[in-house]
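# Results of the structural survey
Here is how the chains run, residue by residue.
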Amino acid sequence: MLGDSLSEGVGDRVGGVWRGWAALLADGLAPDGEETVFLNLAVSGALSGDVAGDQARRALAFRPHLASVVVGVNDTLRRTFDIALLARRLDRVCADLDALGAVLLTACLPDPGRMLGLPPPLARPLARRQRSVNAVVHALSARYGAVHLHLADRAWTDDRTLWSADRLHPGERGHRAVAAGFHRLLADRGLAHGAPPAPDPDRPPPTRAESLLWLATAGTGWLLRRSRDLLPQLLLLAAAELRHRTDDTGTGPLDAHADDALAAALASVAAGPGGEADGRRADPGPPAHRTGTNRTAVPGTAWAAAPRSASRTTPTTG
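The structure reproduced in this document is the subject of the present report. (Residues numbered from 1 in each chain as written. Predicted model: local features only at pLDDT ≥ 70, side-chain atom pairs only at ≥ 80, totals over all residues. Heavy atoms only, no water.)

### Re the overall build of the protein chain
Applied cut-off: Secondary structure counts use DSSP, requiring at least four H or I residues in a row for a helix and at least two E residues in a row for a strand, with both numbered from the N terminus. To sort residues, take the accessible area from a 1.4 Å probe on protein chains only and compare it with the maximum for the residue type: under 20% means buried, over 50% means exposed, and anything in between is partly exposed. Per-residue accessibility takes into account occlusion by the displayed protein chains alone, with areas from the Shrake-Rupley method and a 1.4 Å probe.
Scanning the protein chain from N- to C-terminus turns up twelve helices and eight strands. In the protein chain, buried positions account for 49% of the 318 residues. For the protein chain, the exposed area adds up to about 14,300 Å²; of that, 58% sits on carbon and sulfur atoms.

This is the structure:
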């Protein structure tokens, strides 16, 4: 698993640690009697640069058969947001994993401004950024034949029972829905052979008091970090929104600027990483087989949930 808090499992706590959609999915990949080794490299707060750096290096060393690359929301929440740089980073990661023969899992994600219910002048700039990220993910998913799940659809975002108290992370029901969606798509390709995860939670949702405590501790810390980084620029972007609306130009010029930046980003990766014609490298050989299981389940570290028979283990990184 390469990514951020969504793939780390934030919002689905079991036994004091995050579980999440990928662990639920891993349990349904292999037929009975086999096991799936699952390496979780996702870390809360990770940016595309983190995925393209240490996470990608560790994933490539693991040589997975399946690899999920789901990241980008945190990039939209930074003043340094650069869609062209994000596109090049994700293209490099996808190309390197594809060259190993890994099947990629990707997802487009809802924009955080809408999920948080921000007022339109604040929400629109974030929506433009997330639409650009999703467009890049769609383009790369098509290039590398990824298993792609649409998580930005209104059917997903409007169902509040899928989301945790912070409105940014799925709750247990939401993580189960993500796992079930990927399982269905993988089964259609003949890549998931076990039972899909059950849709209903196996434990009661957090109480209101527990949710408020989480928001008052972890949620407040997140807000303070984003306030120091994104808020000053977001206020400037909101001022531009209001200025264009009051001078009768509307949001067209801002939309056009975002579209131009996206077009340039897609053009920069059109030839593939390093200018290769199709974004692929020479095949270094099949992924290595592994035996044994590592199930430390420590957030932010490698852990395994794994298909294994008596003769082999199939490595999977979500």
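### Focus on the environment of leucine 162
Looking at where leucine 162 falls in the secondary structure, it is placed in the loop between α8 (154-157) and α9 (172-188). Residue classification places leucine 162 among the buried residues on the basis of a relative accessible area of 8%. Separated by eleven residues in the primary sequence, leucine 162 and arginine 173 have C-alpha atoms spaced 5.2 Å apart.

### As for the nonpolar core
Just so we agree on the cut-off: What makes a nonpolar core is a set of buried Ala, Val, Leu, Ile, Met, Phe, Trp, Tyr and Cys residues whose side-chain atoms join them at distances within 4.5 Å. In what follows, a contact means two residues having at least one pair of non-hydrogen atoms within 4.5 Å.
Counting 34 residues, the largest nonpolar core has Trp21, Leu25, Phe182 and Leu186 as the members making the most contacts within it. Of all the secondary structure elements, the ones that give two or more residues to this core are α2 (21-26), β5 (66-70), β6 (103-108), α7 (120-144), β7 (147-150), α9 and α11 (231-246). Ranked by residue count, the leading element in this core is α2, at five residues. In contact with leucine 186, other than residues within four places in its own chain, are Leu25, Leu29, Leu66, Leu105, Val147, Leu191 and Ala192. One finds Val51, Leu104, Leu140 and Ala265 within the second-largest nonpolar core, a separate group that totals 31 residues.

### As for the packing of helix α5 (residues 83-99) against helix α12 (residues 252-268)
Stated precisely, the cut-off is as follows: Only the stretch in contact is used when a helix axis is fitted, and all axes are lines through C-alpha atoms; the angle between N-to-C directions ranges over 0 to 180 degrees. When describing relative orientation, an angle under 35 degrees is termed roughly parallel and one over 145 degrees roughly antiparallel, while 65 to 115 degrees is termed roughly perpendicular and anything else oblique. The handedness criterion is simple: a crossing whose near helix is rotated anticlockwise from the far helix by less than a right angle is left-handed, and one whose near helix is rotated clockwise is right-handed. Ten residues, namely Ala, Val, Leu, Ile, Met, Phe, Trp, Tyr, Cys and Pro, are considered nonpolar, four, namely Asp, Glu, Lys and Arg, are considered charged, and the remaining ones, Gly among them, are considered polar.
The interhelical angle for the contact between α5 and α12, taken along N-to-C directions, is 25 degrees, at an axis separation of 8 Å. Between α5 and α12, the interaxial angle falls into the category roughly parallel. Judged by the sense of rotation from one axis to the other, the crossing of α5 with α12 is right-handed. Here Ile83, Ala84, Ala87 and Arg88 of α5 lie close against α12, whose contacting residues are Ala261, Leu262, Ala265 and Ser268. The residue makeup of the contact of α5 with α12, split by class, is six nonpolar, one polar and one charged.

### A few points about the side chain of glutamine 55
As for its position among the elements, glutamine 55 is in helix α3 (residues 48-62). Contacts of glutamine 55, omitting those with residues within four sequence positions, involve Met1, Leu2, Gly3, Leu41, Ala42, Val43, Ala46 and Asp50.

### Regarding the pattern of salt bridges
For clarity, the threshold we go by: Salt-bridge detection follows one rule: a side-chain nitrogen of Lys or Arg within 4 Å of a carboxyl oxygen of Asp or Glu.
Under the defined criterion, the tally for this structure stands at 14 salt bridges. A salt bridge links arginine 128 to glutamate 241; its shortest N-O distance comes to 2.4 Å. In this pair, arginine 128 sits in helix α7 while glutamate 241 sits in helix α11, placing the two residues 113 residues apart along the sequence. Using a relative accessible area of 11% as the deciding quantity, one classes arginine 128 as buried. On the accessibility criterion, glutamate 241 (0% relative accessible area) is buried.

### Concerning the environment of methionine 1
Mapping methionine 1 onto the fold places it in the segment before β1 (2-3). Each C-alpha atom of the pair methionine 1 and phenylalanine 38 lies 7.8 Å from the other, and the pair is 37 residues apart in sequence.

### Topic: the packing of α7 against α12
Relative orientation of the contacting elements α7 and α12 amounts to 25 degrees, with a least axis distance of 10 Å. Viewed along their axes, α7 and α12 adopt a mutual orientation that is roughly parallel. At the point where α7 passes α12, the crossing takes the right-handed sense. Of the residues in α12, those touching α7 at Arg128, Ser132, Ala135, Val136 and Ala139 are Leu254, Asp255, Ala258, Leu262 and Leu266.

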